[in-house]
Amino acid sequence: MGGSVIAQMKSHIGITNGIGLLLSLSLLLGGQYRLLGYIGFFGALSLFVIHNSCTFIFDRMNRSIVFLAIAVLIGFVVSLFHRNSLIDSLGDMLRYYLIFFIIFVIYNSKVNSKQIDSIFRSFIYSFFVLLLVCYFQVGMKVKLLETNTLVTTQIGSDIFLVICAILYRKKKGAMSALAAIGLIVVEYLAESRTALFASLLLIILYCSFNIMKREFKHANCLFWLWIVLCLAIPAIYVYIYTSKYNSMIEMLFLKYTGHRFFSGRQFMWTRAFDVFVSNSILGKGVGFRLDTSNLYKGASEGMSVHNFFLYVLLQMGIIGFALFCYMFYTFWKRYSKIGTNQANCMRAFLLAVLLQQTFSLGLVSGKMGFAFVCWFLMAIGAKGNENNCG
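Concerning the overall build of the protein
Argument step 1. Broken down by element type, the protein carries 14 helices and 0 strands.
Argument step 2. Mapped in sequence order, the helices and strands of the protein form the string α-α-α-α-α-α-α-α-α-α-α-α-α-α.
Argument step 3. When burial is assessed residue by residue, the protein has 52% of its 390 residues classed as buried.
Argument step 4. Look at the contacts in the protein between residues 6 or more apart in sequence, and 77% of them connect residues 24 or more apart.

So this is what it looks like as structure tokens:
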């Protein structure tokens, strides 16, 4: 009897370790070995589904998923009305539904905190091996890590996800701290500016929430103010560019960072504002691509808008954006139930991700490996918090 229990436990550990390994392989989706990325993506999801049974309750989280699924379908119909590319519309719709399926499966699973810890541990170790391979691929030059062809140019964003996994684990010692610091240094040397900022913000918020020890007042106000900040950043960015201070800010930024402050996003975002104003309620439809041709030299038609919030507003309008906010708020409420380290980690992660997405489309477009792991972390964090509530 005792032997069968031990064998069953070993089997569970093997499966959860396999999920973590496949999770790290999914980060290859956008790179040279994307076939391995697809194996990791579908393998991790399949193993998770097979290993964990689901129990469905029509609560706030599941309602938000259903409402968003309906909004995407409406967005597809709107896209047909606006005569957007059918291939783009179908591709974006399937991508949205895949994201919703990931959240639904993980959130409604019966995974427990020990299994989550095992998945995260395996994911962290596997990523360090992957990072080492990328390091050798670029000739052992850390500064060139962002140019690797294994995981494309988002190695810094992948590191951001791994730091979240490190902070989430219950057992954190000197090695965990050294690992997180080492990854921050890699982001800095690789000049992954947005990812570095997001990682530092994640750590600062995590430490701040832990220092508070107990639930702070007006936590919900913090979340909504954060959403307003994320919405305001593109407008502020464009305003600064059109102000008389733009050359001074550009000069100071070049002097102290070696990089330009204005990257060209101000042109894309200005055009995005114009399109949104004329299609604010339902947007231009799922699959819509912003025409960024003739904005500046080197620009091409259909170039990424580089902002998750504007992307959703353009495709699904205020209604779709409000439903996404509703889902993020639901995540926030689940993370805010108790004041454990894991809940604090996920609160900090959610806020850091949202701010990062003001300069990225990683949650819904582009490299789906990042999106898969990011949504996986957010959903499993909500589930882990529920288990802690016991």
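There is more to say, and it comes next.
Description of the pattern of salt bridges
Argument step 1. Tallied over the entire structure, the rule returns 3 salt bridges.
Argument step 2. Note that aspartate 92 and arginine 289 form a salt bridge whose closest N and O atoms lie 2.7 Å from each other. On the criterion of sequence distance, the pair formed by aspartate 92 in helix α4 (residues 86-107) and arginine 289 in the loop between α11 (265-278) and α12 (308-335) is long-range, its members being 197 residues apart.
Argument step 3. Under the relative-accessibility criterion, arginine 289 is labelled partly exposed at 31%.
Argument step 4. The shortest N-O distance in the salt bridge between arginine 169 and aspartate 117 comes to 3.1 Å. In this pair, arginine 169 sits in the loop between α6 (155-168) and α7 (174-189) while aspartate 117 sits in helix α5 (residues 113-137), placing the two residues 52 residues apart along the sequence. Each member of the pair, arginine 169 as well as aspartate 117, carries the same accessibility label: buried.
Argument step 5. Here the salt bridges do not stand alone but share partners, grouping Asp92, Arg95 and Arg289 into one network.

Quick notes on the nonpolar core
Argument step 1. In this structure, Phe324, Phe328, Phe331, Phe349, Trp375, Phe376 and Met378 are the most contacted members of the largest nonpolar core, which totals 124 residues.
Argument step 2. At 18 residues, the largest contribution of residues to this core is made by α12.

Observations concerning the packing of α7 against helix α8 (residues 193-212)
Argument step 1. Where α7 contacts α8, the axes come no closer than 9 Å and their chain directions differ by 155°. In this view, α7 runs roughly antiparallel relative to α8, as classed from their interaxial angle. As for the relative orientation of α7 and α8, their crossing is left-handed in sense. From α7, Ile184, Glu187 and Tyr188 reach across to α8, where they touch Ala195, Leu196, Ser199, Leu200 and Ile203.
Argument step 2. Split by residue class, the contact of α7 with α8 holds 6 nonpolar, 1 polar and 1 charged.

Digging into the confidence of the model for the protein
Argument step 1. A residue-level look at the protein finds 89% of positions with pLDDT of 70 or above and a mean pLDDT of 85.
Argument step 2. Within the protein, helix α3 (residues 60-81) carries the highest mean pLDDT (95), whereas helix α1 (residues 2-25) carries the lowest (70).
Argument step 3. Counted against residues more than four places away or in other chains, residues 1-10, with its pLDDT under 50, gives 0 contacts.

Side note on helix α13 (residues 341-356)
Argument step 1. Taking 1.5 Å per residue as the helical rise, α13 with its 16 residues ought to reach 22 Å, and the 22 Å between its terminal C-alpha atoms agrees with that figure.
Argument step 2. With 15 of its 16 residues buried, α13 lies for the most part within the structure.

Quick look at the environment of threonine 358
Argument step 1. Among the structural elements, threonine 358 can be located in the loop between α13 and α14 (368-389).
Argument step 2. Along the sequence, threonine 358 and leucine 310 sit 48 residues apart, while their C-alpha atoms lie 8.4 Å from each other.
Argument step 3. When sequence neighbours within four positions are dropped, the list of residues in contact with threonine 358 reads Cys230, Ile233, Trp269, His306, Asn307 and Phe309.
Argument step 4. Among the polar contacts listed, one links the side chain of threonine 358 to the backbone oxygen of leucine 355, at a separation of 2.5 Å.

A short note on the packing of α11 against α12
Argument step 1. Running from amino to carboxyl end, α11 crosses α12 at an angle of 10°, the nearest separation of the two axes being 10 Å. As the angle between them shows, α11 and α12 are arranged roughly parallel. On the side of α11, the interface is formed by Trp269, Ala272, Phe273, Val275 and Phe276, while α12 contributes Leu310, Leu313, Leu314 and Ile318.
Argument step 2. Its residues assigned to classes, the contact of α11 with α12 comprises 9 nonpolar, no polar and no charged.

Regarding α5
Argument step 1. The terminal C-alpha atoms of α5, which comprises 25 residues, lie 36 Å apart, in line with the 36 Å expected from a rise of 1.5 Å per residue.
Argument step 2. Put simply, asparagine 112 is the residue that caps the front of α5, since its side-chain oxygen is 3.1 Å from the backbone nitrogen of lysine 114.
Argument step 3. Remark: glycine 139 follows α5 within two positions and exhibits a positive phi of approximately 75°.

Focus on the packing of aromatic side chains
Argument step 1. One pass over the structure, following the stated rule, counts 30 aromatic pairs.
Argument step 2. Summarising the aromatic geometry, the rings of phenylalanine 209 and tryptophan 332 are spaced 6.4 Å apart at their centres and angled 70° between planes, so their arrangement reads as edge-to-face. Here tryptophan 332 lies in helix α12 and phenylalanine 209 lies in helix α8, a separation of 123 residues in the sequence. We note that phenylalanine 209, like tryptophan 332, is buried.
Argument step 3. Both rings, one in phenylalanine 308 and one in phenylalanine 328, keep their centres 6.0 Å apart while their planes meet at 70°; by these two values the pair is edge-to-face. Judged on exposure class, the residue phenylalanine 308 and its partner phenylalanine 328 are both buried.
Argument step 4. The structure contains a cluster of three or more aromatic residues connected by ring pairs, namely Tyr96, Tyr97, Phe100, Phe308, Phe309, Phe321, Phe324, Phe328 and Trp375.
Argument step 5. The aromatic ring of phenylalanine 209 is capped on one face by arginine 347, whose charged end is 4.9 Å from the ring centroid.
Argument step 6. Lying over the aromatic face of tryptophan 332, arginine 347 brings its terminal NZ or CZ to 5.9 Å of the ring centre.

Cut-offs applied
Residues numbered from 1 in each chain as written. Predicted model: local features only at pLDDT ≥ 70, side-chain atom pairs only at ≥ 80, totals over all residues. Heavy atoms only, no water. Helix = DSSP H or I, 4+ residues; strand = E, 2+ residues; numbered from the N terminus. Buried < 20%, exposed > 50% of the residue type's maximum accessible area, 1.4 Å probe, protein only. Contact = heavy atoms within 4.5 Å. Salt bridge = Lys/Arg side-chain N within 4 Å of Asp/Glu carboxyl O. Core = buried A, V, L, I, M, F, W, Y, C linked by side-chain atoms within 4.5 Å. Axes fitted to C-alpha atoms, helices over the stretch in contact; angles between N-to-C directions. Parallel < 35°, antiparallel > 145°, perpendicular 65-115°, else oblique. Left-handed = near helix turned anticlockwise from the far one by under 90°. Nonpolar A, V, L, I, M, F, W, Y, C, P; charged D, E, K, R; others polar. pLDDT = per-residue confidence, 0-100. Expected span 1.5 Å × (residues − 1). Polar contact = N/O pair within 3.5 Å; in protein donor to acceptor, adjacent residues only side chain to side chain. Phe/Tyr/Trp six-rings, centres within 6.5 Å; stacked < 30°, edge-to-face > 60°. Lys NZ or Arg CZ within 6 Å of the ring centre and 35° of its normal.

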